[in-house]
Amino acid sequence: MPTLKILAALLHYPDPALQDRGAELIEALMRDDRLHGPERDALVGLIERLRTSDLLDAQAAYVDTFDRGRARSLYLFEHLHGESRDRGAAMVELLQIYRQAGLEIAGRELPDYLPLFLEFLSTQPPESAFSWLEEIGPVLQRLHVRLAENGSPYAAVLAPLVRFAGLDPEDAGLREQIAAEPRDDTRQALDQVWQEAQVSFGAQEGDGNHGASCPPHIGIPRRHQPLSR
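Residues numbered from 1 in each chain as written. Predicted model: local features only at pLDDT ≥ 70, side-chain atom pairs only at ≥ 80, totals over all residues. Heavy atoms only, no water.

**Comments concerning the overall build of the protein chain**
Step number 1: Along the protein chain, the regular secondary structure elements total 13 helices and 2 strands.
Step number 2: Counting every position in the protein chain, which comprises 229 residues, the buried fraction comes to 46%.
Step number 3: Of the roughly 11600 Å² that the protein chain leaves accessible, carbon and sulfur atoms contribute 49%. (Helix = DSSP H or I, 4+ residues; strand = E, 2+ residues; numbered from the N terminus. Buried < 20%, exposed > 50% of the residue type's maximum accessible area, 1.4 Å probe, protein only. Areas by Shrake-Rupley, 256 points an atom, 1.4 Å probe, with all protein chains shown as cover.)

This is how it looks when you write it as structure tokens:
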């Protein structure tokens, strides 16, 4: 599913390569009949915005969107496990699954970083990729609503992922719930995060018997490197 690789690229930290490949990405999106017209239009709008913006401005907007507070974090297990030790065990399991698929992380990025996860899914058969997306569907749905409520153009990337996961990107009840959430990107909230004790993961790699086509119940800080074979 090449579209998943494109969505992964759009969620990476903006760089000159992303800006240079804008036309190529748009051309590829136009060939994918899994995307609805409004979804495609919103993605094209985001690509055009990224390719025509000053790079430093685009990078600053990315940091403001994803790196301030936890509500819009692109680290899946942060939403599922917070800072508990369960997160470390889940990281080890997911890393094993990547390796069984013949993939290695080309850098020091954490395996639950959503763009990396989407790159992995892009190498899988569609039915397997959709099954994985269903596993993390509620996380994707909440992330989409938070981005949309914040007026972020990055909501365009999450909308088709939520739909692929079999959920409604425009869930009205969830929107009301998200709108009532306290903000976690204020100076006071960020100061509180810095005051919290750091967690260290002590999990050791186990045997693991999950194949790439059989997702575990992951139900999934930092600069961002892709997967490599």
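**Details of helix α8 (residues 114–122)**
Step number 1: Taking burial as the measure, the 9 residues of α8 include 9 buried ones, the bulk of the element.
Step number 2: Looking at α8, one finds that the buried residues are L114, P115, L116, F117, L118, E119, F120, L121 and S122.

**Brief notes about the packing of aromatic side chains**
Step number 1: Evaluated as defined, the whole model comprises 10 aromatic pairs.
Step number 2: A ring pair is formed by Y98 and F120, whose centres lie 5.3 Å apart and whose planes are at 50°; its orientation type is tilted. On the criterion of sequence distance, the pair formed by Y98 in helix α7 (residues 86–100) and F120 in helix α8 is long-range, its members being 22 residues apart. Comparing Y98 with F120, the two get one shared label, buried.
Step number 3: On the basis of an interplanar angle of 45° and a centroid distance of 6.2 Å, the ring pair of F117 and F120 is categorised as tilted. With F117 and F120 both in helix α8 and 3 residues apart, this pair spans about one turn of that helix. The same class applies to F117 as to F120, namely buried.
Step number 4: Taken together, the aromatic side chains of Y13, Y62, F66 and Y154 make up a single cluster linked through ring pairs. (Phe/Tyr/Trp six-rings, centres within 6.5 Å; stacked < 30°, edge-to-face > 60°.)

**Here's the deal with the nonpolar core**
Step number 1: Ranked by size, the top nonpolar core spans 56 residues in total, and within it L10, L114 and L133 carry the most contacts.
Step number 2: With 7 residues, the top contributor of residues to this core is helix α11 (residues 155–164).
Step number 3: If we skip the residues at most four places from it in the chain, L133 touches L4, L118, L121, L140, L161, F164 and A165. (Core = buried A, V, L, I, M, F, W, Y, C linked by side-chain atoms within 4.5 Å. Contact = heavy atoms within 4.5 Å.)

**Looking at the side chain of H144**
Step number 1: Here H144 lies in helix α10 (residues 137–149).
Step number 2: Among the polar contacts made by the side chain of H144, one reaches the main-chain carbonyl oxygen of P169 at a distance of 3.1 Å.
Step number 3: The contacts of H144, once residues within four sequence positions are left out, are A155, L158, A159, V162, P169, E170 and R175. (Polar contact = N/O pair within 3.5 Å; in protein donor to acceptor, adjacent residues only side chain to side chain.)

**Observations regarding the environment of V162**
Step number 1: Of note, V162 is situated in helix α11.
Step number 2: By relative accessible area, which is 0% here, V162 ends up buried.
Step number 3: For the pair V162 and P138, spaced 24 residues apart in the sequence, the C-alpha separation amounts to 8.1 Å.
Step number 4: Once residues lying within four places of it in the same chain are set aside, the contact partners of V162 are L140, Q141, H144, L167, D168 and P169.

**A short note on helix α1 (residues 2–11)**
Step number 1: Counted residue by residue, α1 has 8 buried out of 10 residues, so it is predominantly covered.
Step number 2: Listed as buried for α1 are T3, L4, I6, L7, A8, A9, L10 and L11.

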